[in-house]
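Structural description and commentary
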Amino acid sequence: PARPAVDLVLAVPRPKMLRRLLPQVVALGIGHLVLLRTWRVAKPYLEATVLDAAELRALVHEGLMQARCTRAPEIVLEPLFRPFAEDRAPGLFAGARALVLHPTAARTLAAERPAAGERVVLVVGPEGGLLPFEVERLEAAGATAVSMGGRVLRVDTACVAALAQVAVLRGLPPGEESGGGAPRCGKLTP
């Protein structure tokens, strides 16, 4: 099958969280996974056994089995933020809708409305979020900062929610954002 048209740039989470998260994002469908060290990522996370090729392969395989898919995502480890943001991110973002998830961003993910076949690159920061400098560097590389709402989410929740939201937005008819009149956050209906 064709590689999914969604790539994920993920600040390396705690090893325990990465073990839980990787099968989920693979099952949801990603073409490439970039595991990135940002300022708030602890250096020992890069030496965790979960990043060993055999363990990564087993976690990816678990996600592929869940999704009944045979196309594994390409996984790259980027140990330094600045060289990634300045040298490799512009190439990764080229021809794609690159979106940095940031809870205080003025634009929303829903406002971006990716087209059905358009490649999307989602950037998810670490617990505590990306630093303003990091967001600026990613925007300079061609990304747009977007929010999924006023609530700050854990990394694993944000990844799954963002991937699901992109899939839903691609399937909505043009001009429809609320999914057919579903209640918005803040209103309770009996």
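The notes below deal with the structure included here.

Scoring rules and cut-offs
Residues numbered from 1 in each chain as written. Predicted model: local features only at pLDDT ≥ 70, side-chain atom pairs only at ≥ 80, totals over all residues. Heavy atoms only, no water. Core = buried A, V, L, I, M, F, W, Y, C linked by side-chain atoms within 4.5 Å. Buried < 20%, exposed > 50% of the residue type's maximum accessible area, 1.4 Å probe, protein only. Helix = DSSP H or I, 4+ residues; strand = E, 2+ residues; numbered from the N terminus. Contact = heavy atoms within 4.5 Å. Salt bridge = Lys/Arg side-chain N within 4 Å of Asp/Glu carboxyl O. Pairing = 2+ DSSP bridges. Axes fitted to C-alpha atoms, helices over the stretch in contact; angles between N-to-C directions. Expected span 1.5 Å × (residues − 1). Bend = angle between axes of the 7 residues up to and from the residue. Arc of directions from axis to C-beta.

Observations regarding the nonpolar core
With 39 residues, the main nonpolar core has L8, L10, L22, V25, L122, V124 and C159 as its most contacted residues. Broken down by element, this core gets its largest block of residues, seven residues, from helix 6 (residues 155–171). If near-sequence neighbours (up to four positions away) are discounted, L10 is found in contact with L18, L21, L33, V34, L35, L36, V124, V155 and C159. Core analysis: the next-biggest nonpolar cluster, separate from the first, contains 21 residues, L36, F84, A96 and A98 among them.

Structural notes on the pattern of salt bridges
Scanning all chains against the criterion turns up 10 salt bridges. Between R137 and E86 there is a salt bridge; the shortest N-O distance is 3.8 Å. Here E86 lies in helix 3 (residues 81–93) and R137 lies in helix 5 (residues 132–140), a separation of 51 residues in the sequence. Accessibility expressed as a relative area gives 38% for E86, which makes it partly exposed.

A look at the sheet that holds strand 5 (residues 107–108)
Read across the sheet, seven strands follow the order 3-2-1-6-4-7-5 without closing on themselves; strand pairing throughout is parallel. Because the sheet does not close on itself, it has two edges, and the strands there are strand 3 (74–78) and strand 5. Sheet topology note: the strand 5/strand 7 (residues 144–147) ladder contains two bridges and is parallel. Bridged to R107 within strand 7 is V146. Helix 3 contacts strand 1 (6–11), strand 2 (32–36), strand 3, strand 4 (97–101) and strand 6 (120–124) of the sheet and is inclined by roughly 165° relative to strand 2. Contacts from helix 6 reach strand 1, strand 4 and strand 6 within the one sheet, and its direction differs from that of strand 6 by about 160°.

What to know about the side chain of H102
Of note, H102 is situated in the loop between strand 4 and strand 5. Setting aside chain neighbours within four positions, we find H102 in contact with L130, V135, V146 and S147.

Focus on the environment of A158
By the element assignment, A158 lies in helix 6. Here A158 falls in the buried class, since its relative accessible area comes to 9%. When sequence neighbours within four positions are dropped, the list of residues in contact with A158 reads L101, V124, M148 and L153.

Here's the deal with unusual backbone geometry
Phi angles above zero are rare outside glycine, and R68 is one such case at about 50°. Here R68 lies in the loop between helix 2 (53–67) and strand 3. The phi dihedral of R113 falls on the positive side, at around 40°, and the residue is not glycine. With respect to the helices and strands, the residue R113 is situated in the loop between helix 4 (109–112) and strand 6.

Considerations on helix 3
Taking 1.5 Å as the rise per residue, helix 3 with 13 residues should run 18 Å; its terminal C-alpha atoms sit only 15 Å apart, a clear shortfall. At D87, helix 3 shows its strongest bend, of approximately 45°, with the proline P90 following within four residues. For helix 3, every residue scored as buried is listed here: F81, F84, A85, A89, L92 and F93. On the buried face of helix 3, the contacting elements are strand 1, strand 2, strand 3, strand 4, strand 6 and helix 5. Positive phi appears at G95, one or two residues downstream of helix 3, with a value of about 75°.

Brief notes about helix 5
Every buried residue of helix 5 is listed here: E134, V135 and L138. Taken around the axis of helix 5, the buried residues stretch over an arc of 100°, which confines them to a single face. Counted as exposed and oriented over 90 degrees from the buried face of helix 5: P132 and A140. Looking at the buried side of helix 5, the elements it contacts are helix 3, strand 4, strand 6 and strand 7. Looking one or two places after helix 5, you find G142, whose phi comes out positive at around 120°.

No statement about biological role is implied by the geometric values presented.
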